[in-house]
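Spelled out, the chains give:
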Amino acid sequence: MGKPTGFLEFDRLEEGYAPVETRLKNYKEFVIGLKPDEAKIQGARCMDCGTPFCNSGCPVNNIIPDFNDLVYRNDWKNAITVLHSTNNFPEFTGRICPAPCEAACTLNVNDDAVGIKSIEHAIIDKAWAEGWVKPRPATVKTGKKIAIVGSGPAGMAAAQQLARVGHEVTVFEKNDTVGGLLRYGIPDFKMDKGHIDLRVKQMEAEGVVFKTNTIVGELPKGSKVTNWAKSSVTPEQLKADFDAVLLAGGAEQSRDLPVPGRELAGIHFAMEFLPMQNRVNGGGKVKDQIMATGKNVIVIGGGDTGSDCVGTSNRHGATSVTQFEVMPRPPEEEDRPLTWPYWPIKLRTSSSHEEGCEREFAIATKEFIGEGGKVTGVKTVRVEFKDGKFTEVPGSEKILKADLVLLAMGFVSPVETIINGFGVDKDNRGNARASTDFMGGYATNVDKVFAAGDMRRGQSLVVWAIREGRQAARAIDEFLMGTSDLPR
């Protein structure tokens, strides 16, 4: 413990933001990370408590007190070694993870939590700048071949782990560039996709082969899931050509809103809107891009995806942006004695909200209004949550003007045709059924076919995807070799 009284002496320091008027002019990252001396002070605030709840609050079980202490002592090279021991891609989580570790921080019981996420961000950025992140190719090859379906964070984490122990790994991605929902679901202003590209180069140097524009199986007819594939491969081919297959695709099936007027033009899923902008930012071409320029935009859904739609709409130059949330407005502050060390329900205002957005809580959509086949408004009603269900508030109906409606109400499941193509059983939520038990973990009912990440657990966080990819890699290595030295 570097500074026993640090938590008494120093306040939490937040990362900075570029001014709103500056960042709305482009899609570049605008978070200003901590300087080394600032990160050192944040590291000094860590109490090195007897039971570090932050470790268990973090899905990948980052060894947080250790790297906090190393940063305090200016030992950055060992700090990245510790961080990489549990997390393959801290530059992803250091930017877009909501930081459940900070909610679990012991200091958070009655004070401001240690800035764990900002320290992680500082460590990995310094590591890249200093050239400490290098390929780690296997010295001995096993001759075993593994196919991974999906190149998001779960697929990438599994691929890197498996390549490093000598397996031949091929990753199949239906879109034109590696990254899955990490690349096409998260706006560039939250995470520049150059960070993914750096990892892809590292992984290729470690022996991973990426096959983009290649879909495994097929999508349902009329599917709105992003698919820029130019070729396909059948599940039967993968099972015949590889010693193991890992299904690691995202939960891309968006939740719909089947109310009158849903067929009107100008109503789109968030995952039709966001990938188009990201592809354009990456230099790609998009036919008939959905634009919010000069429009009154209504975003239905109060989560992170909705927030991403808000930020993108403002960068397009929307006339107005309004975000709906069906649940009541949460409290400004959580009841810490009641919720700690768990993730609390409280009002969360994102950087996109601060850029310009009206937020409506306890509101439901009854109907989409239109003229000439195009949406012009949304009929809403106020709701109350009583006895486990929503009830309408009499006399609260209202029509709000809308030229563009974005449905951002979450994702119900992975695409079922991909799972069905392999003959894998599904759970009652439509996810691939696979246990996480240590013995036979992540294995499905189909021989040598495994599942991890959103494909197995449903819509979740990037950090959970990395965890499951790493654990599935160990399970596959154990399946192929009888034992495994990969971490759990």
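It should be noted that the structure appears before, not after, this text.
Note that the structure is predicted; figures quoted are calculated from it, not measured. (Residues numbered from 1 in each chain as written. Predicted model: local features only at pLDDT ≥ 70, side-chain atom pairs only at ≥ 80, totals over all residues. Heavy atoms only, no water.)

K.L.:
Can you lay out the pattern of salt bridges for me, pointing to particular residues and giving the numbers?
P.N.:
Per the counting criterion, the structure on display carries 28 salt bridges. As a salt-bridge pair, lysine 174 and glutamate 252 come within 3.0 Å of each other at their nearest N and O atoms. Here lysine 174, found in the loop between β4 (168-172) and α11 (181-184), pairs with glutamate 252, found in the loop between β8 (244-247) and β9 (253-254); they are 78 residues apart in sequence, far enough to count as distant. Its relative accessible area of 12% is what places lysine 174 among the buried residues. Arginine 474 is paired through a salt bridge with glutamate 478; the nearest N and O atoms lie 4.0 Å apart. In this pair, arginine 474 and glutamate 478 are both assigned in helix α20 (residues 462-481), four residues apart and thus about one turn of the helix distant. (Salt bridge = Lys/Arg side-chain N within 4 Å of Asp/Glu carboxyl O. Helix = DSSP H or I, 4+ residues; strand = E, 2+ residues; numbered from the N terminus. Buried < 20%, exposed > 50% of the residue type's maximum accessible area, 1.4 Å probe, protein only.)

K.L.:
So what's going on with the packing of helix α10 (residues 153-164) against helix α12 (residues 194-205)? Residues and values would help.
P.N.:
With their axes 11 Å apart at the nearest point, α10 and α12 run at an angle of 25 degrees to one another. The pairing of α10 with α12 is recorded here as roughly parallel in orientation. Helix-helix and strand crossings are classified by hand; for α10 and α12 the assignment is left-handed. For the pair α10 and α12, the contacting residues are Met156, Ala159, Gln160 and Arg164 in the first and Ile196, Arg199, Gln202 and Met203 in the second. (Axes fitted to C-alpha atoms, helices over the stretch in contact; angles between N-to-C directions. Parallel < 35°, antiparallel > 145°, perpendicular 65-115°, else oblique. Left-handed = near helix turned anticlockwise from the far one by under 90°. Contact = heavy atoms within 4.5 Å.)

K.L.:
Describe in detail the pairing of β8, supporting the description with residues and values.
P.N.:
Neither face of β8 is left uncovered, since the one carrying Ala244 and Leu246 and the one carrying Val245 and Leu247 both have all their residues buried. Bridge analysis of strand β3 (residues 145-149) against β8 gives four bridges, and the strand direction is parallel. Following the sheet pairing, isoleucine 146 is matched in β8 by alanine 244. Relative to strand β20 (residues 449-451), β8 runs parallel, the two sharing three bridges. Each residue of the ladder has a partner; that of leucine 246, found in β20, is phenylalanine 450. (Pairing = 2+ DSSP bridges.)

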